[in-house]
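# Results of the structural survey
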Amino acid sequence: MTLPSLSVVISTVNENFNMFIKNFRFDDLIDADEVIIIIQGARERDVHKVLKPFKVIFDENYGLSKSRNIGIHKASCDFIWFLDDDIILDNGSIKRLKNHLKLNQDYHLHIARIKNIDDTPYKKYTKKKILGRINALSVSSVELIVSKKFINENNIRFNNNLGLGSEYPSTEENFFYLDIIDNGGSIIHFHDFLIKHDFVDRKTIHFSNKFILKAKGAFCRRYGGLSGCLILFYYSIKCIAVCKNFHTVSYLFSGFINAEKIIGFDYE
């Protein structure tokens, strides 16, 4: 069985560039077939010597979804793994991932795991191997490894209106996941911790920012049906628990009602 090829797409911004060069473990990318680094907020210039082996793309715009989509367009391998500039690759993680892809290459989306710096799980992960629609709620973009052929055939991209650097800095990976599964894609959970990341209290951030709450409300509308309404209710309870303020829930409902304006088109 042929080993599938893997493109690693790393997003960064000019303001983080020096930190990225200093802290990222570039030697751990050696097993990737292709590495694409997108630097946003910068004009083209001579690249740092540590980036010479890689394909470096400068983009004067901002937006994580835009960066991911540039990576999709430029990638030439069978699968694409989306990473950020502040992660730490686990030793041998790319080799382990490629071996997993070899055995499971018929799946269209692969979800890996993240550890905290102290080697504890970054979040609670399901024990399931095959994932369904409901798992879209908890996915992170750096866990996504996707078949380029599948997303090209189904014209699936990250929504540029969502994600860091946009007005609604959240849920782009959740929409991306739903678009894959709703187009007949199959999703498998790779029970291996491939990267580390500093702990971020996502609960506090995600349930106190009105624009993130609107994005979450739009996601509930995208999810659709009774299940989407139940998810909206669940988010409302979490919002009240975190913020101790009933008014913040209105942003969730605003996002739900105005979903087509937030995401740029009508899913219904």
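Summary of the structure given here. Just so it is clear, the structure is predicted and the values come from calculations on it, not from any experiment. (Residues numbered from 1 in each chain as written. Predicted model: local features only at pLDDT ≥ 70, side-chain atom pairs only at ≥ 80, totals over all residues. Heavy atoms only, no water.)

Okay, the pairing of strand β1 (residues 6–13) next. Among the 8 residues of β1, 7 are classified as buried, and the element is accordingly described as predominantly covered. By the bridge criterion, 6 bridges tie β1 to strand β4 (residues 79–84) in an arrangement that is parallel. Paired with Val9 across the bridge in β4 is Phe82. By the bridge criterion, 7 bridges tie β1 to strand β2 (residues 34–40) in an arrangement that is parallel. Within the sheet, the bridge partner assigned to Ser11 lies in β2 and is Ile38. Remark: the β1/helix α1 (residues 17–23)/β2 crossover connection has right-handed handedness. (Buried < 20%, exposed > 50% of the residue type's maximum accessible area, 1.4 Å probe, protein only. Helix = DSSP H or I, 4+ residues; strand = E, 2+ residues; numbered from the N terminus. Pairing = 2+ DSSP bridges. Right-handed = clockwise from strand over helix to strand, strands pointing away.)

Between two packed helices, the angle of one axis relative to the other and the distance separating the axes together describe the packing. Following both chains from N to C, one finds helix α7 (residues 210–223) and helix α8 (residues 225–243) inclined at 160 degrees, their axes separated by 7 Å at the closest point. Compared by their axis directions, α7 and α8 come out roughly antiparallel. With respect to the hand of their crossing, α7 and α8 are arranged in right-handed fashion. Here Leu213, Lys216, Gly217, Phe219, Cys220 and Tyr223 of α7 lie close against α8, whose contacting residues are Gly225, Ser227, Gly228, Ile231, Leu232, Tyr235 and Cys239. For the contact of α7 with α8, the residue count by class is 8 nonpolar, 4 polar and 1 charged. (Axes fitted to C-alpha atoms, helices over the stretch in contact; angles between N-to-C directions. Parallel < 35°, antiparallel > 145°, perpendicular 65-115°, else oblique. Left-handed = near helix turned anticlockwise from the far one by under 90°. Contact = heavy atoms within 4.5 Å. Nonpolar A, V, L, I, M, F, W, Y, C, P; charged D, E, K, R; others polar.)

Burial in helix α9 (residues 249–257) covers these residues: Val249, Leu252, Gly255 and Phe256. Buried residues of α9 fall within an arc of 120 degrees about the axis and therefore sit on the same side. Buried-residue contacts for α9 involve α7, α8 and α10 (259–263). (Arc of directions from axis to C-beta.)

So, about unusual backbone geometry. The backbone phi angle of Asn155 is positive, close to 50 degrees, even though this residue is not glycine. A relative accessible area of 65% places Asn155 in the exposed class. Non-glycine residue Thr171 carries a positive phi angle of around 70 degrees. As for its placement among the helices and strands, Thr171 is situated in the loop between α4 (148–153) and α5 (172–182).

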